[in-house]
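Residue strings, one per chain:
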Amino acid sequence: MTMMKALRKTRAAAGAQLESVPVPIPGAGEVLVRVRAASICGTDLHIYQWDEWSQSRIRPPLTFGHEFCGVVEKTGAGTESVAEGDFVSAEMHIADGHCRACRMGQPHLCQNVKIAGIDVDGCFAEFVKLPAQNIWKVHPSIPEHYAAILDPLGNAVHSVLAAPISGQTAVVTGCGPIGLMAIAVAKASGCSALFATEVNEYRRGLARQMGADEAIDPAATDVVRYVRDATGGAGVDVLLEMSGNPHAIRQGFQMLRQGGRASLLGIPSRPVELDLVSDVIFKGATVLGIYGRKMFETWVQMDELLRAGKLNLEPLFHERLPLKRFEDAFALLAAGKANKILFYPNGNPS
Ligand code: NAD
Ligand code: ZN
């Protein structure tokens, strides 16, 4: 096989094109993976809709998509750690390995990071080519649909486990797919009481299914007062900010106890105004910026949680579609009627 189907941005405009392109050839240190299932992320919707961020970042032509699992088809020279036939996913942040952050053991903060599906070709295709060091072998007990969403699950695991969570109370602000996964991870890791805030009613329902003790609508309830009252006036130990919404970010800090920890993952589209004095300085808050997944500590933790059967992610899954139905997939996602939609570029779900 020399040609393959790929979902591409071929022009700087909204939409995408299903094209026939050459199957990539893995060079030294590279691996070719036959994509089994690929999942759509909010970022893919931004790229599809060609928002302001995409216009500044994406350089067409590009095959997008960065959440997937598949089977190794071919390996280049010097890739002994990976073999043909391995069932794999991958860390799609490709670190350069030599910048200061990389040399200090923080490749997830590489200053020259390239992201597959954003800066170089990604996984909405029959095949994807990646550096062997980015490949993650998936344990056979982990189901295919879970293996397709390890990238966002890793965001949730990184956010939750960045500091103690066992025996602590927490609030998750924003219950999109990553917030929902963070709920499951926190509860599985010993979080004692978990409050979720979310404006979308459907997603509040999912938050409860994922294990939130309470899911509150910030448009209808004074969430800050509610959570403070429910925690004896103290506020929660941990804030997991998963919305990127400025109001939710401010409310999150107001719900945090003196000396609490905030993991900030949500990405606001503009600079956000915060009351640093009362929310961070006098609070003695520990504020953690969370980017991507730690390589590969987060992957190891995620693997352990999944293999131990600690995470039920079934409520997250929605449609499973062939690549050619991409227009339906993005329409569903844009309407806020779906969570994780899976593409099957090489045929139907098993
Ligand atoms: P998403 O957009 O599906 O979820 C955000 C949720 O927040 C939505 O359900 C929305 O209804 C809710 N929300 C909006 N305003 C709110 C408010 N005032 N109060 C409570 N909830 C509110 O996104 P996602 O895919 O789950 O990702 C979560 C966030 O993380 C996004 O901002 C995304 O850009 C960001 N992200 C960051 C990283 C990273 O490495 N830091 C990686 C992936 C995604
Ligand atoms: Zn680097």
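What counts as what
- Starting from 1, residues in each chain are numbered consecutively following that chain's sequence as written.
- Throughout, the order in which chains and ligands are written sets their labels, letters from A for the former and numbers from 1 for the latter.
- The model is predicted, so local features are restricted to residues of pLDDT at least 70 and side-chain atom pairs to those at 80 or more, both for listing and for counting; the totals for chains, interfaces and linings are taken over all residues.
- Excluding hydrogens and water, the side-chain values take into account all heavy atoms of the structure.
- The start and end points of each domain follow an automatic or database-based domain assignment.
- The term buried area refers to how much accessible surface (probe radius 1.4 Å) is lost by two components on association, counted for both of them together.
- What makes a salt bridge here is a side-chain nitrogen of Lys or Arg within 4 Å of a carboxyl oxygen of Asp or Glu, nothing more.
- Distance and chemistry together define a polar contact, namely a pair of N or O atoms within 3.5 Å, with one atom able to donate a hydrogen and the other to accept it when in protein, and with adjacent residues in sequence counting only for side-chain atoms on both sides.
- Throughout, the ten residues Ala, Val, Leu, Ile, Met, Phe, Trp, Tyr, Cys and Pro are labelled nonpolar, Asp, Glu, Lys and Arg are labelled charged, and all others, Gly among them, are labelled polar.
- Atoms are scored as donors when they are N, O or S and lie within 2.8 Å of the metal, with 3.2 Å used for Na, K and Ca; no water is included, so coordination may look incomplete.
- Here a site with four donors is tetrahedral if all angles are between 85 and 135 degrees, and a site with four or six donors is square planar or octahedral if opposite donors are over 155 degrees apart and the other angles are between 65 and 115; anything else gets the irregular label.
- The rule is simple: take the accessible area with a 1.4 Å probe, protein chains only, and divide by the maximum for that residue type; under 20% is buried, over 50% is exposed, in between is partly exposed.
- We call two strands paired when DSSP finds no fewer than two bridges between them.
- The numbering of helices and of strands both runs from the N terminus, where a helix is a DSSP run of H or I of at least 4 residues and a strand a run of E of at least 2.
- Lines fitted to C-alpha atoms define the axes here, with helix axes fitted over just the stretch in contact, and angles between the N-to-C directions of these axes take values from 0 to 180 degrees.
- In what follows, residue pairs with any heavy atoms lying within 4.5 Å of each other are defined as contacts.

Participant: Would you explain the domain arrangement of the protein chain in this entry?
Facilitator: Bring the parts together and some accessible area is lost; that lost area is often taken as the interface size. Each assigned domain of the protein chain is listed here: domain 1 (3-149 + 313-343) and domain 2 (156-289). Using only C-alpha atoms to locate each centre, domain 1 and domain 2 end up separated by 29 Å. Overall, the association of domain 1 and domain 2 removes approximately 880 Å² of surface from exposure, summing both partners, and the carbon and sulfur fraction of that is 63%. There are 0 salt bridges connecting domain 1 and domain 2. The tally of links between domain 1 and domain 2 comes to 1 residue pair in polar contact (both at pLDDT 80 or more). Among the residues making up the side of domain 1 that touches domain 2, the classes are represented as 5 nonpolar, 4 polar and 3 charged.

Participant: Explain the coordination of the zinc ion (ligand 2) to me, please; I cannot follow it from the model alone.
Facilitator: Think of it this way: four donors in a tetrahedron around the metal ideally sit 109.5 degrees apart, and six in an octahedron ideally sit 90 or 180 degrees apart. Around the zinc ion (ligand 2), the protein supplies Asp96 (OD), Cys99 (SG), Cys102 (SG) and Cys110 (SG) as donor atoms, at distances of 2.0 to 2.3 Å. For the zinc ion (ligand 2), the 4 donor atoms in the first shell make angles of 97 to 121 degrees at the metal, a pattern classed as tetrahedral. Residue classification places Cys99 among the buried positions, given a relative accessible area of 5%.

Participant: Help me out: how do you make sense of the sheet that holds strand S13 (residues 214-216) in this one?
Facilitator: In sheet architecture, strand pairing relies on hydrogen bonds along the backbone and comes in two forms, parallel and antiparallel. Spatial ordering of the open sheet is given by S13-S12-S11-S14-S15-S16, a layout of 6 strands whose pairing is parallel. Every other strand in the sheet has two partners, leaving S13 and strand S16 (286-289) as the edge strands with one partner each. Taking each pair of neighbouring strands and ignoring which way they run, the sheet shows an average axis angle of 15 degrees. Direction of pairing for strand S11 (residues 169-173) relative to strand S12 (residues 193-197): parallel, over a ladder of 5 bridges. By the bridge assignment for S12, Ala170 is matched with Leu194. Seen against the sheet, helix H9 (residues 246-255) touches S11, S12, strand S14 (236-241), strand S15 (256-264) and S16 and runs at an angle of roughly 145 degrees to S15.

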